[in-house]
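Inside the fold
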Amino acid sequence: RRHTRCSRDWSSDVCSSDLHLLEYCRQPRDQRGLSDQERRRNLHSALVARPYPLPAVVVDDVLTAGATLEAASAALTVAGVQVLGAAVLAASRRH
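Right, let's get into the overall build of the protein chain. Looking only at helices and strands, the protein chain has two helices and six strands in total. Along the protein chain, helices (α) and strands (β) appear in the sequence β-β-β-α-β-β-α-β when read from the amino end. The buried share of the protein chain, taken over its 95 residues, is 33%. Contacts in the protein chain between residues far apart in sequence, at least 24 positions, make up 63% of those at least 6 positions apart.

What follows is the structure, given as structure tokens:
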């Protein structure tokens, strides 16, 4: 059973089981084989966020260099979203 997440947005009602605040504004290349610095450069300005009135937690499946978390957090911050922190499901052997 899917749970629905609902929140009050003063400009409209938001009620969705799939609330996506981030999207790619350009498609980055595949991250496999890239160094930490190359990963950061690859994702720099690749994400854009839509404004949202509530704080957010960034979630990533695997932490490798942290580039995805950094890019997502930066895009959310630019959109005025307060980022409370991050959660990852697994980390590469680098960490």
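Now that the structure is up, let's keep going.
Compared with an ideal rise of 1.5 Å per residue, which puts twelve residues at 16 Å, helix α2 (residues 67-78) spans 16 Å between its outermost C-alpha atoms and is within 8% of the ideal. The inward-facing, buried residues of α2 abut β3 (22-24), α1 (36-43), β4 (47-49), β5 (56-63) and β6 (83-91). Just downstream of α2, G80 is the residue with a positive phi angle, here 90°.

Contact geometry for α1 and α2: axes closest at 9 Å, N-to-C directions at 30°. With respect to α2, the axis of α1 lies roughly parallel. Handedness of the α1/α2 crossing: right-handed. Here α1 contributes R39, R40 and L43 to the contact with α2, which in turn contributes A67, T68, E70 and A71. The class makeup of the residues in the contact of α1 with α2 is three nonpolar, one polar and three charged.

Bringing α1 into the picture now. Inspection of α1 places R39, N42 and L43 among the buried residues, and these make up the whole buried set. When α1 is viewed along its axis, its buried side chains cluster within an angular range of 85° and face the same direction. Facing away from the buried side of α1 by more than 90 degrees, the exposed set consists of Q37 and R41. Downstream of α1 by a residue or two, S45 has a phi angle that is positive, lying close to 60°.

The rules we used
- Residues numbered from 1 in each chain as written.
- Predicted model: local features only at pLDDT ≥ 70, side-chain atom pairs only at ≥ 80, totals over all residues.
- Heavy atoms only, no water.
- Helix = DSSP H or I, 4+ residues; strand = E, 2+ residues; numbered from the N terminus.
- Buried < 20%, exposed > 50% of the residue type's maximum accessible area, 1.4 Å probe, protein only.
- Contact = heavy atoms within 4.5 Å.
- Expected span 1.5 Å × (residues − 1).
- Axes fitted to C-alpha atoms, helices over the stretch in contact; angles between N-to-C directions.
- Parallel < 35°, antiparallel > 145°, perpendicular 65-115°, else oblique.
- Left-handed = near helix turned anticlockwise from the far one by under 90°.
- Nonpolar A, V, L, I, M, F, W, Y, C, P; charged D, E, K, R; others polar.
- Arc of directions from axis to C-beta.

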